[in-house]
Amino acid sequence: MSGASSRPVEKSGTFKLGGDLPIHRLGYGAMQLTGPGIWGPPEDRAEAVRVLRRAVELGVDFIDTADSYGPYVSEELIAEALHPYAKGVVVATKAGLVRTGPHEWHPVAAPKYLRQELELSLRRLKLERIDLYQLHRIDPKVPVEESLGELKDLQKEGKIRHIGLSEVSVEDIQRARKVVDVVSVQNRYNLTDRVHEKVLDYCEREKLGFIPWFPLATGGLAKPGGALDAVARKHQATPAQIALAWLLARSPVMLPIPGTSSVKHLEENLAGAEVKLGKEELAAVDAQASGR
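Per an unreviewed UniProt entry, the recorded name for the protein is Oxidoreductase.

Engineer: Tell me about the pattern of salt bridges, residues and numbers included.
Structural biologist: In the structure shown here, the tally under the stated rule is 24 salt bridges. Among the salt bridges present, the one from E281 reaches K234, with a minimum N-O distance of 3.1 Å. A residue pair is termed long-range when its members are at least 10 positions apart, and E281 in helix α10 (residues 279–290) and K234 in helix α7 (residues 227–234) qualify at 47 residues. Taking relative accessible area as the criterion, K234 reaches 61% and is therefore assigned exposed. Among the charged side chains, a salt-bridge network with shared partners connects R115, E119, E150, E157 and K159.

Engineer: I'd like a description of unusual backbone geometry, backed by residues and values.
Structural biologist: Of note, the amide linkage connecting G70 to P71 takes the cis form, showing an omega dihedral of -10°. Secondary-structure assignment places P71 in the loop between β4 (62–64) and α2 (73–82). Non-glycine residue K126 carries a positive phi angle of around 60°. Mapped onto the elements of the fold, K126 is located in the loop between α3 (111–125) and β8 (130–135). One non-glycine residue, E167, lies in positive phi territory at about 55°.

Engineer: Requested: an account of the nonpolar core, with residues and values cited.
Structural biologist: If you look at the biggest cluster of nonpolar residues, it comprises 88 residues, and the most contacted ones within it are I63 and L148. Excluding anything up to four places from it in sequence, I63 contacts Y28, A30, L52, V56, I78, L82, V89, V90, V91 and A92.

Engineer: Before we move on, could you go through helix α8 (residues 239–250) and cite the residues and values that matter?
Structural biologist: Here α8 is twelve residues long and its end C-alpha atoms lie 16 Å apart, about the 16 Å a rise of 1.5 Å per residue gives. For α8, the complete set of buried residues consists of Q241, I242, A243, L244, A245, W246, L247 and L248.

Thresholds, definitions, all that
- Residues numbered from 1 in each chain as written.
- Predicted model: local features only at pLDDT ≥ 70, side-chain atom pairs only at ≥ 80, totals over all residues.
- Heavy atoms only, no water.
- Salt bridge = Lys/Arg side-chain N within 4 Å of Asp/Glu carboxyl O.
- Helix = DSSP H or I, 4+ residues; strand = E, 2+ residues; numbered from the N terminus.
- Buried < 20%, exposed > 50% of the residue type's maximum accessible area, 1.4 Å probe, protein only.
- Core = buried A, V, L, I, M, F, W, Y, C linked by side-chain atoms within 4.5 Å.
- Contact = heavy atoms within 4.5 Å.
- Expected span 1.5 Å × (residues − 1).

Following this line, the structure appears as structure tokens:
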């Protein structure tokens, strides 16, 4: 892509989490820095460290992780690569999913467990306060009021700045907001998977950050001759860059966090912030993605 800048992420615009914490809208998701199945250490630890440092060099100031990535590996890598953190860098983490092996995830959001994991995340990340702490999943065995009540207590203690949710419905968010101030929602969302369209619309109305995980599921859209391929060639960009540009254009509260364990792919993804799609291009990509 021609005309790339040294800090492309700055072209993605900004969003204020909770109305008081400004971040660039294109961030980085640190799940893929772990081993296969999001389990164990990465095959190339040095490259993982380089990815994190390069992300910040390119303008990323919002890094999303979780205690369960590894488990613990992702948080440890972030601290190794970036501590002491540059001014303005926000590290968001999560608790509420337990790992028992590769690809295995189990909701656990008992209050005592969440408090324990928050304390351990602070230690691993070398922080005194986590700027955005997200309930990774609502635990069906625990009333969400109890889980969030504990996070509210930790917030009052100064250990959490803002609270977010993950994989929730509009009804879940409304219920949660009766207990705590929710500033963000992290649900699966991309060009070809828009199950959570109503949640995104709600977040936009309420000015809550919407963090789409798995943002680059371009699939068949990227094949030669497809709408994504045609628009990508016009912009001298990759299909992934077009998919990210579409997300950024979709809503002002959209905060994509593409993840990768490769510096090369990181640089390609973040350059997507510099792609600006016209109305006709957005409509063409949208139509093909929706099957219209």
